[in-house]
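Examining the three-dimensional arrangement
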Amino acid sequence: MLLLLVLLVVSQPGIDEDEHPLSYNIGSTRRFQQLQHQGLVTVTFANNAYFEQGLIQNLLCSWKRISFTNYVIVAVDADAYASSAKHTEQYHWHPPWWEGVGGKLLRPTNIKTPEYVRFIHKRTRFIEALLLKTGLDVLLCDGDTIWTRNLLLDQTLPYKNPAYSSCDAFVVNSAHRGGAGADKVEPLGGFILARNRPQTLMWYRTWTAMEACLQSKEQPAMHASLRVLGAVFVKPLYHLLGEKFIDSRNPVLCVLHDSYFPTGFHVTNGYLKDYANTSLIALGHASIPKKTGKEEWMKQYGWWFLEPDGSCSNIKTPDLSQEEKHHLPSMRKVSQTFKYRNIQHWMQEGPDKRNCTSLITSRLPVLREQLMEVTSGVMLTPHGIPTTLLMLPLITGGTITLLLLFRFFRLHR
């Protein structure tokens, strides 16, 4: 009996490869397991248009410059599969999952298209399935990004710092930190570091349900799902070493500091123009309204490492200037002025969102039951420990106590 309890405790949350109630057949996850590092894997989705623009190759070059290897490129069409195989061995391709997703540019502007909505819904469900099937933490990273530091190993960044252990997920903010948007968070859908926890799994389960209801792009559905779950934001997150975060049953999303994780919005509007070419940036995201010509935009701001012949440039990111170092104390001061903020206080909702919010809220018990079923009833604490593991001392102590009482009564009968 005790052996059975131990086996239950040490089992990892996950589901069978072949079948489970949510029918998430994304193919073999062996490659993700092989390429993970300390329980985390980075995933980038690519259709062939991103290869034709050179965006995926540019991202691969940025990873090569920092010797980062813990990634998988997920091809979403047959041409992207061929391109992935040409440029890296670290790719995943499961045609049945991506049926109906083409290799052309999915949208020329921020306006949604049926092709983009189809792709984005499959992407969100893929990440949900990957979290469920592998038990890994998953970093979703768009193909139009560049890295200048290893986000998973750099001790100065939040993921590896124990002060941020209460963060269920790390996100990048697309809203301007100054002016009217100073107290606003709009997480990007293209960069999410999700820890494998009950709060995160429930968030993705709710997010995919909201996407199906709204038939929207990823961000409106993501924001609506966070509202339903009463998510808490900590922002902006950097230089908050030693600050204690609460453990919450609701998702706690920690917002990475704009100065280190800028988007195209910040750089284009001059907010971070002085930093675009320096080692201050850990990751740059070309999130701009126009989806064509991103490569030219990235070249303009020094975010392009791919040579015309397909090789990677050897240009090193310059060190911080004295003027840039002078800005760091003020950044620390700014970051400490923000506190916890519940998403329900600021999110705006139209009629469609209100209707879907009511529907999804009423279905939360069903969604939780589905989640419990696919994880075989093994749920994690906010720190990634199976709840049954926390009961082990109690179970063991209780068993020993019963044995001692049984022996005592036998000796004194």
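Please refer to the structure higher up on the page.
Along each chain, residues carry numbers from 1 onward, in the same order as the chain's sequence is written. Only residues with pLDDT of 70 or above have their local features reported here, since the model is predicted, and side-chain atom pairs are shown and tallied only from 80 upward, although totals for entire chains, interfaces and linings are computed over all residues. Side-chain descriptors were evaluated using all non-hydrogen atoms of the structure, hydrogens and water having been removed beforehand.

1. Section: helix 5 (residues 78-87)
Listed in full, the buried residues belonging to helix 5 are A80, S83 and S84. Each buried residue of helix 5 lies within a common arc of 105° when the element is viewed along its axis, so the set occupies one face. In this description, contact between two residues means that some pair of their heavy atoms is separated by no more than 4.5 Å. Only DSSP runs of H or I covering at least 4 residues are called helices, and only runs of E covering at least 2 are called strands; the numbering of each starts at the N terminus. Packed against the buried residues of helix 5 are strand 1 (40-46), helix 3 (48-52), strand 2 (71-75) and strand 3 (91-92). Residues adjacent in sequence count toward polar contacts only when both atoms are side-chain atoms; beyond that, a polar contact is any pair of N or O atoms within 3.5 Å, and within protein one must be able to donate a hydrogen and the other to accept it. N-cap assignment for helix 5: the residue whose side-chain oxygen lies 3.0 Å from the backbone N of D79 is D77. Buried, partly exposed and exposed residues are distinguished by accessible area as a fraction of the type maximum, computed with a 1.4 Å probe on protein chains only: under 20%, between the cut-offs, and over 50%, respectively. Directions drawn from the helix axis to the C-beta atoms are what define this arc.

2. Focus: the state of the cysteines
The definition used for a disulfide is geometric: two cysteine sulfur atoms within 2.5 Å. Taken as a whole, this structure holds 3 disulfides when the rule is applied. Two residues, C61 and C312, share a disulfide whose sulfurs are 2.1 Å apart. Its torsion about the S-S bond being -80°, the disulfide of C61 and C312 is classed as left-handed. Linking C61 in helix 4 (residues 55-65) with C312 in the loop between helix 10 (294-300) and helix 11 (322-335), this pair joins segments that are 251 residues apart in sequence. Disulfide partner of C167: C254, at an S-S distance of 2.0 Å. Given an S-S torsion of about -85°, the disulfide between C167 and C254 has left-handed geometry. Taken together, the positions of C167 in the loop between strand 5 (145-147) and strand 6 (169-173) and C254 in strand 9 (residues 252-256) put the pair 87 residues apart, joining distant regions of the chain. In the protein, the bonded cysteines, taken in the order they occur along the sequence, pair up as 1-5, 2-4, 3-6.

3. Thoughts on the packing of aromatic side chains
The aromatic pairing rule takes the rings of Phe, Tyr and Trp, using the six-membered ring of Trp, and pairs them if the centres are within 6.5 Å, calling planes under 30 degrees apart stacked, those over 60 edge-to-face and the rest tilted. What the rule picks out here adds up to 19 aromatic pairs. Ring geometry for W63 and W147: centres 5.6 Å apart, planes at 85°, overall edge-to-face. One end of the pair, W63, is in helix 4; the other, W147, is in strand 5, with 84 residues separating them in the sequence. Ring plane angle 15° and centroid distance 5.4 Å describe the contact between W203 and W207, whose orientation is recorded as stacked. Here the residue W203 and the residue W207 both occupy positions in helix 7 (residues 198-214), the gap between them amounting to 4 residues, near one helical turn. With respect to class, W203 is no different from W207; both count as buried. One aromatic cluster is present, formed by F32, F45, W97, W98, Y116, F119 and F126 through successive ring pairs. The ring of Y91 carries the charged tip of R31 above its face, separated from the ring centre by 5.4 Å. A ring is considered to have a charge above it if a Lys NZ or an Arg CZ atom is located within 6 Å of its centre and within 35 degrees of its normal. Positioned over the ring face of F305 is R65, at 4.0 Å from the centre of the ring.

4. Re the pairing of strand 2
The buried fraction of strand 2 amounts to 5 of the 5 residues, a majority that puts the element mostly inside the structure. Here strand 2 shows no split at all, with Y71, I73 and A75 on one side and V72 and V74 on the other all buried. Here strand 1 pairs with strand 2 via 5 bridges, running parallel. Along strand 2, the bridge assignment pairs V43 with V72. For two strands to be treated as a pair, DSSP must find no fewer than two bridges joining them. Sheet analysis places strand 2 next to strand 3, joined by 2 bridges and oriented parallel. Each bridged residue has a counterpart across the sheet, and for V74 the counterpart in strand 3 is H92.

5. Describing the pattern of salt bridges
Salt bridges are defined as contacts in which a side-chain nitrogen from Lys or Arg sits within 4 Å of a carboxyl oxygen from Asp or Glu. Enumeration according to the criterion identifies 6 salt bridges in this entry. K294 is paired through a salt bridge with D144; the nearest N and O atoms lie 2.4 Å apart. With K294 in helix 10 and D144 in the loop between strand 4 (137-141) and strand 5, this pair connects stretches of sequence that are 150 residues apart. The residues K294 and D144 share a single accessibility class, namely buried. The residue R197 makes a salt bridge to D168 at a minimum N-O spacing of 3.0 Å. On the criterion of sequence distance, the pair formed by R197 in the loop between strand 7 (187-194) and helix 7 and D168 in the loop between strand 5 and strand 6 is long-range, its members being 29 residues apart. There is no split in this pair, since R197 and D168 are both buried. A single salt-bridge network, built from bridges that share partners, covers R123, D142 and E218.

6. Focus on helix 6 (residues 114-134)
With 21 residues, helix 6 ought to run about 30 Å at 1.5 Å a step, and its terminal C-alpha atoms sit 30 Å apart, in line with that. Within helix 6, 16 of the 21 residues are buried, which leaves the element mostly enclosed by the surrounding structure. Taken from the residues just after helix 6, G135 is the one with a positive phi, measuring 75°. Working rule for helices: expected span equals 1.5 Å times residues minus one.

7. What about the pairing of strand 7?
With 8 of 8 residues buried, strand 7 is to be regarded as a mostly interior element. Relative to strand 7, strand 6 is paired through 4 bridges, and the arrangement is antiparallel. Within strand 7, the residue paired with V171 across the bridge is I192.

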